[in-house]
Amino acid sequence: LLKRASHVRGELKTKMRLLTATFHGFRSSNSMEVIRSNRDLAERLKIGSIFVFKDPSSKSGIYKTELLQQGINGMWFLNRSDEGVIYHKYFDPIPIKTIALVLTAVSRFSNSYFRLDDADNSIL
């Protein structure tokens, strides 16, 4: 069970990195201007945790962001053999812990942009 949990975290981190970058408009570059832009975007998303809202400007639709749905679909419902399809009764409704795990992955990815000297900034 612990091996599977570690695998799930790693797989989710990989999937959410690309989804988050695309969804929020993070760019890949070694340019200091792009790195600063990414950092500023990450800071804006963190203020009031607006990344969890469907409409961040009005802070409405908490936990209804399309990114959350894309992450859950991509991780557990992509094909017939995925866990969400096979064990559908455990995903109806989606467990709060699952939502928290996906949003934590988004938050951790955004956090990677806070440091200008972070080498990971150039790799999406």
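### So, unusual backbone geometry
Inference 1: Residue Pro-93 follows Asp-92 across a cis peptide bond; omega there is 0°.
Inference 2: Here Pro-93 shows up in the loop between helix H4 (83–86) and helix H5 (96–111).
Inference 3: A positive phi angle, near 65°, is found at Tyr-63, a position not held by glycine.
Inference 4: Relative to the elements of secondary structure, Tyr-63 occurs in the loop between strand S2 (60–62) and helix H3 (66–76).

### With respect to the packing of H3 against H5
Inference 1: Running from N to C, H3 and H5 point in directions that differ by 110°, and their axes come no closer than 10 Å. Between H3 and H5, the crossing angle belongs to the class labelled roughly perpendicular. Taken together, the residues of H5 that come into contact with H3 (itself represented by Leu-67, Leu-68, Ile-72 and Trp-76) are Thr-98, Ile-99, Leu-101, Val-102, Leu-103 and Val-106.

### A closer look at helix H2 (residues 32–46)
Inference 1: Across its 15 residues, H2 extends 21 Å between first and last C-alpha, which sits within 8% of the 21 Å expected from 1.5 Å per residue.
Inference 2: Where H2 is concerned, the buried positions are Val-34, Ile-35, Asn-38, Arg-39, Leu-41, Ala-42 and Leu-45. End-on, the buried residues of H2 take up no more than an arc of 160°, which puts them together on one face.
Inference 3: Positive phi shows up at Gly-48, right after H2, with a value of about 65°.

Each value, and the rule that gives it
- Residues numbered from 1 in each chain as written.
- Predicted model: local features only at pLDDT ≥ 70, side-chain atom pairs only at ≥ 80, totals over all residues.
- Heavy atoms only, no water.
- Helix = DSSP H or I, 4+ residues; strand = E, 2+ residues; numbered from the N terminus.
- Axes fitted to C-alpha atoms, helices over the stretch in contact; angles between N-to-C directions.
- Parallel < 35°, antiparallel > 145°, perpendicular 65-115°, else oblique.
- Contact = heavy atoms within 4.5 Å.
- Expected span 1.5 Å × (residues − 1).
- Buried < 20%, exposed > 50% of the residue type's maximum accessible area, 1.4 Å probe, protein only.
- Arc of directions from axis to C-beta.

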